[in-house]
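Listed below, chain by chain, are the residues.
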Amino acid sequence: MAQTSSRISVALLVYYLSIHAELSLSAINELHNATIGEAETGNVSSVTPMTYIFQYDLKDLHDKALRVNVTSSSATTENPILFVVRRQTTVQSWTVPLVLHRTGYASVSRTLCPFRLEDASHGRNVTFYIDLSTSSSVSVDFSFIVYVENTFTLKLGVPETFSVSPSSPKYYQYTFNHSIDFDEILVKVSSEDVSSKNICAIVSVEAGDCPVHDLPSNVRFSSAFQTMLSKAGITIEKKGLFKKGLIYIAFVVYPADLRCQSGVLDNIDNEHSNVIRNASGLSRVKSFTVTVEKALPPSSYASPIAFSVAMCLGFFLMVFIGIFIDWHVRDRKRGKTFLSNLTGATPVNDAGLESNGSNSYQITDGSVARQLDDGDDDGSVNVLSTLHVIENKRKDGDCLNVGDLARLSECQMQSKYKRYTWSLVTIGVFYALPSIQLVIAYQTVLNLSGNQDLCYYNFWCAHPAGILSDFNHVWSNIAYILLGILFFLIVYRRSRRYHRKEELHNTGLPQYFGLSYSMAVALVAEGIMSGTYHICPSGSNFQFDTAFMYLIAVLSTLKLYQSRHAEVQAYAYKSFAAMACLIFVAVIGVLYNNLAFWLCFFFAYVIVILYLNLEIYYIGAWSFGKPLLQQWKKALLCENPFYPHRRRFLIVSTFVNIIIALVGVCTQYADFASYLLAIMLINLSLYLFYYIAMKAISKERLSKLAIFLAVLLVALWTPALYFFTRGLTNWQKSPAESRIGNQDCLMLNFYDAHDIWHFLSAFGVFFGFLAFLTIDDDLEGVDRSTIAVF
């Protein structure tokens with residue numbers, strides 16, 4: 001940045017000297033002594049350039065600066081006045097009228113570079129020169145005044161309010177106080193005035209070197225900059241470019257609002273247009289309020305970090321104590337419970353019939369018939385035979401029980417569900433590594449270019465650490481990782497206990513833990529990928545954050561369905577292929593969110609819903625070889641369905657999903673990724689309610705633990721959703737529009753509303769996983785032939 005500034009200064013100096021040399025061949029500058037605070041007027045032409053000499057005592061400019069305003073009513077863009085301020089170390093120059101984005105401004109105000117001791121020629125006296133020249137052969141009038149800007153140095157914690165226009169930019173200086181022990185500040189800027197808060201501007205911070213980049217054409221060469229409408233915030237650490245402790249904060253208003261609008265390319269100038277409009281009559285004055293605040297130094301991060309770790313580890317301890325007490329009590333009662341359940345009452349299943357407890361069925365596969373019973377554990381029993389069992393029992397009017405869908409060997413089933421875990425681990429590794437590499441590249445570009453529009457942070461609560469600009473939003477995802485590890489340990493402990501109790505292998509619901517392990521892995525992966533996304537959140541990497549949210553929702557639904565349909569559950573490769581299609585649709589919906597996409601999505605979604613209706617109603621025992629419409633009508637529209645409760649659930653869920661799809665088509669919801677996630681969560685909730693209702697109809701009871709977890713879920717998700725909807729950032733808008741939602745930290749001066757969402761949602765997902773894992777603990781020791789399938 002410093003090299004670029006030097007090149008620009010040298011170029012301006014060379015340009016000025018060349019013009020001055022040409023003019024000197026035919027004209028001699030008229031010299032005039034001038035006084036600060038007094039207006040100077042005159043005329044200038046190609047043969048009568050002017051030079052004004054100013055002298056000033058440096059002690060009168062302590063914490064102040066000089067500002068100049070120049071106006072010309074007759075200068076044109078073809079023959080402008082070249083206005084040059086010369087002093088011993090720097091040169092500043094501009095033209096009048098000043099052309100910005102094809103708009104000419106006849107009145108220009110600029111702040112001159114602050115005077116330093118090296119600018120004094122004798123003692124503390126400063127001399128500088130103002131040259132006016134033009135290429136016009138006709139005299140051009142001018143008027144200018146140099147005056148003292150009394151408020152130039154910002155003080156810590158003291159707000160400063162002022163107004164800026166495109167041709168009248170301003171900048172202020174701030175000096176780190178060496179007597180105060182902190183090296184981080186937050187430059188917080190707001191513009192809440194109704195008449196100006198929607199005017200596009202840019203705020204920049206650069207090291208204390210002149211010239212200061214304070215024009216739309218060069219402000220983006222600053223060390224750090226942000227476009228803004230109503231809010232901006234830049235955190236500065238006294239290191240690197242800012243290690244000297246002196247910074248300049250510039251405020252520039254754009255002549256047009258294109259740079260602050262979403263969907264506008266960075267290069268907004270029409271290079272083929274030569275039309276220059278006059279700025280007279282244009283009102284683009286923006287009011288700013290800037291406050292320099294002390295930022296939380298990295299040395300103070302230990303307390304909020306320790307708080308989050310202690311919260312998770314304390315919860316670890318509580319959970320382990322609770323699990324130990326619960327399992328100890330249950331093991332003492334298990335013998336009595338086991339014997340009583342073997343002779344207990346027979347529950348009613350979805351078909352409204354009582355289970356007869358028999359597991360011997362005649363199965364016909366074409367012309368082949370074979371007898372299957374409980375002793376068929378030699379591997380010849382496969383999913384196809386299970387589907388025949390389901391179809392034959394429906395034809396015979398017999399109800400299904402869990403024993404009917406627990407015919408495959410445990411080794412086969414454990415192997416089937418372990419594939420979920422290993423497939424997810426493989427997917428996670430291949431997905432995470434290039435994602436992390438990409439966002440670190442984004443962060444590096446931001447640090448080197450100073451363009452803070454690249455990443456969508458909550459700049460009013462973004463704490464840097466190392467190369468990261470927003471460490472707190474990365475760190476707050478630690479809750480997902482730690483709770484995912486805790487859930488993994490709980491599943492492992494439950495698996496060990498299940499395998500040690502031989503009598504549990506033929507009673508209660510079959511326990512296959514692959515899906516539970518994959519849920520734990522998904523929670524850990526969500527923490528890693530959400531942290532990766534928050535390194536540099538933007539529209540180009542949003543799927544890093546949402547991908548594993550989709551997986552968590554789908555895996556939770558599959559886990560609940562697996563409880564009583566383990567053998568007909570889809571294999572891992574099919575499930576993950578479906579999830580890949582889901583993520584693909586999410587990406588398309590974000591990139592091409594238009595009516596054509598929504599119509600295609602609606603029809604495709606309806607087809608998927610009808611397919612799932614057949615799959616759920618017939619428990620996989622349906623065929624593409626038969627008319628699909630006839631099978632669908634038989635499932636949902638016949639007067640006397642074989643599974644009445646299941647049909648009611650499917651009718652309700654179909655109605656709800658079609659309404660959701662229609663709402664999407666009508667509103668063309670902008671945040672399609674969140675819309676798709678909401679669909680999956682709504683369907684998960686519908687199936688959970690149906691599952692609980694069917695447990696009640698089947699005379700099964702929810703354990704006290706399950707009820708307690710349900711209460712915790714409501715208690716956690718209610719505030720979590722509140723904090724999630726605070727809308728601190730929005731990558732679907734422009735960076736300036738997104739920053740309108742920026743807010744201060746809420747907890748420990750470190751965490752904001754989105755960080756709190758991370759903590760609450762992590763605990764909410766964890767307790768949801770526990771609920772799915774323990775929802776059928778009341779069936780432990782119950783004969784499988786008496787457990788209904790629904």
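Residues numbered from 1 in each chain as written. Predicted model: local features only at pLDDT ≥ 70, side-chain atom pairs only at ≥ 80, totals over all residues. Heavy atoms only, no water.

A.B. asks: Whenever I open this one, the overall build of the chain confuses me. Can you help?
C.D. replies: Secondary structure summary: the chain contains 16 helices and 23 strands in total. Counting all 790 residues of the chain, 53% fall into the buried class. For the chain, the share of sequence-separated contacts (at least 6 apart) that also reach a separation of at least 24 residues comes to 79%. Working note: accessible area of the chain is about 35200 Å², and carbon and sulfur atoms make up 61% of it. (Helix = DSSP H or I, 4+ residues; strand = E, 2+ residues; numbered from the N terminus. Buried < 20%, exposed > 50% of the residue type's maximum accessible area, 1.4 Å probe, protein only. Contact = heavy atoms within 4.5 Å. Areas by Shrake-Rupley, 256 points an atom, 1.4 Å probe, with all protein chains shown as cover.)

A.B. asks: Sorry if this is basic, but what is going on with unusual backbone geometry here?
C.D. replies: Glycine aside, residues mostly have negative phi, and peptide bonds are mostly found in the trans state. Cis rather than trans, the peptide bond between Val96 and Pro97 has omega equal to 5 degrees. Assignment of secondary structure puts Pro97 in the loop between β6 (91-96) and β7 (98-100). Here the residue pair Cys210 and Pro211 is connected by a cis peptide bond, since its omega of 0 degrees sits within 30 degrees of zero. By the element assignment, Pro211 lies in the loop between β16 (201-207) and β17 (224-228). For Asn749, which is not glycine, the phi torsion reads 55 degrees and is therefore positive. The partly exposed category is assigned to Asn749, whose relative accessible area is 47%.

A.B. asks: How should the sheet that holds strand β18 (residues 231-237) be read in this particular structure?
C.D. replies: Paired through backbone hydrogen bonds, the strands of a sheet run either parallel or antiparallel to each other. An order of β13-β21-β15-β18 is seen for the 4 strands of this open sheet, with the pairing classed as antiparallel. Edge positions in the sheet fall to β13 (160-164) and β18, since each has one partner strand and no second. For this sheet the average axis-to-axis angle between neighbouring strands, irrespective of direction, equals 25 degrees. (Pairing = 2+ DSSP bridges. Axes fitted to C-alpha atoms, helices over the stretch in contact; angles between N-to-C directions.)

A.B. asks: Got a minute to help me understand the pairing of strand β21 (residues 286-294) in this structure?
C.D. replies: Two faces belong to every sheet, and in a regular strand the side chains alternate between them. In the sheet, β13 pairs with β21 via 5 bridges, with the strands oriented antiparallel. Following the sheet pairing, Val164 is matched in β21 by Lys286. The pairing of strand β15 (residues 184-190) with β21 spans 6 bridges and is antiparallel. Within β21, the position partnered with Val189 by the bridge is Val290.

A.B. asks: I keep staring at the environment of Thr557 and nothing clicks. Help me out?
C.D. replies: With respect to the helices and strands, the residue Thr557 is situated in helix α8 (residues 543-565). Residue classification places Thr557 among the partly exposed residues on the basis of a relative accessible area of 26%. The spatial distance from the C-alpha of Thr557 to the C-alpha of Asn683 is 8.4 Å, given a sequence separation of 126 residues.

A.B. asks: Explain the sheet that holds strand β12 (residues 140-149) here, please?
C.D. replies: The antiparallel open sheet is built from 4 strands, whose spatial order is β2-β12-β4-β9. Two strands bound the open sheet, and with one partner strand each, they are β2 (39-44) and β9 (107-111). Pairwise comparison of adjacent strand axes, ignoring direction, gives a mean angle of 20 degrees for this sheet.

A.B. asks: What exactly am I supposed to notice about the pattern of salt bridges here?
C.D. replies: Should the charged atoms of two oppositely charged side chains come close, the side chains can pair. Summed over the entire model, instances satisfying the criterion amount to 16 salt bridges. Notably, a salt bridge pairs Asp744 with Lys188, separated by 2.6 Å at the nearest N-O pair. Placement of the pair is Asp744 in the loop between α15 (735-738) and α16 (753-774) and Lys188 in strand β15, with a sequence separation of 556 residues. Ionic contacts of the salt-bridge type, sharing partners, join the residues Arg564, Lys695, Glu700, Asp776 and Asp778 into one network. (Salt bridge = Lys/Arg side-chain N within 4 Å of Asp/Glu carboxyl O.)

A.B. asks: When you look at the nonpolar core in this model, what are you seeing that I'm missing?
C.D. replies: Nonpolar side chains in soluble globular proteins generally cluster together in the buried interior. Ranked by internal contacts, the top residues of the largest apolar core, which has 128 residues, are Phe487, Leu555, Phe601, Phe766 and Phe767. Ranked by the residues each element gives to this core, the list is headed by α16, at 15 residues. Setting aside residues no more than four positions away along its own chain, Leu555 makes contact with Tyr420, Leu424, Leu515, Ser518, Met519, Ala522 and Met579. Judged by nonpolar contacts, the second largest core, of 33 residues, contains Val68, Phe83, Val96 and Val146. (Core = buried A, V, L, I, M, F, W, Y, C linked by side-chain atoms within 4.5 Å.)

A.B. asks: Explain helix α13 (residues 672-697) to me, please; I cannot follow it from the model alone.
C.D. replies: Three- or four-residue spacings in an α-helix give side chains the same orientation, since the helix completes a turn every 3.6 residues. Spanning 26 residues, α13 covers 37 Å between terminal C-alpha atoms, matching the ideal 38 Å at 1.5 Å per step. Of the residues flanking the end of α13, it is Lys699, one or two places downstream, whose phi is positive at about 65 degrees. (Expected span 1.5 Å × (residues − 1).)

A.B. asks: Which parts of the structure should I look at to understand the packing of aromatic side chains?
C.D. replies: Aromatic rings considered in pairs are described by the distance between their centres and by the relative angle of their planes. Here the structure, examined in full by the defined rule, presents 59 aromatic pairs. Look at Phe597 and Phe672: their rings are 5.0 Å apart centre to centre, the planes differ by 85 degrees, and that puts the pair in the edge-to-face class. In this pair, Phe597 sits in helix α10 (residues 595-617) while Phe672 sits in helix α13, placing the two residues 75 residues apart along the sequence. Here the two residues Phe597 and Phe672 agree in accessibility, since each one is buried. Taken together, a centroid distance of 4.6 Å and an interplanar angle of 45 degrees make the contact between Phe724 and Trp757 tilted. Taken together, the residues Phe724 in helix α14 (residues 704-724) and Trp757 in helix α16 connect sequence positions 33 residues apart. A relative accessible area of 36% places Phe724 in the partly exposed class. Residue classification places Trp757 among the buried residues on the basis of a relative accessible area of 8%. An aromatic cluster is present here, built from Tyr52, Phe54, Phe83, Trp94, Phe128, Phe142 and Phe144 joined pairwise through their rings. Here the guanidinium or amino end of Lys416 rests over the ring plane of Tyr571, the centre of that ring lying 4.6 Å away. (Phe/Tyr/Trp six-rings, centres within 6.5 Å; stacked < 30°, edge-to-face > 60°. Lys NZ or Arg CZ within 6 Å of the ring centre and 35° of its normal.)

A.B. asks: Teacher, can you tell me more about the layout of surface pockets here?
C.D. replies: It is the rolling of a water-molecule-sized probe over the atoms that shows where space remains empty. In this structure, the second largest pocket encloses a volume near 1000 Å³. Lining the second largest pocket are 35 residues, with Leu681, Leu684, Ser685, Leu713 and Trp717 positioned closest to its centre. Those elements giving two or more residues to the lining of the second largest pocket turn out to be α8, α13, α14 and α16. In terms of residue class, the lining of the second largest pocket is built from 27 nonpolar, 7 polar and 1 charged. (1 Å grid on protein atoms, 1.4 Å probe; cavity = no way out; pocket = protein on both sides within 12 Å on 5 of 7 lines; lining within 4 Å. Points joined across faces, edges and corners; volume = space filled by probe spheres on them. Nonpolar A, V, L, I, M, F, W, Y, C, P; charged D, E, K, R; others polar.)

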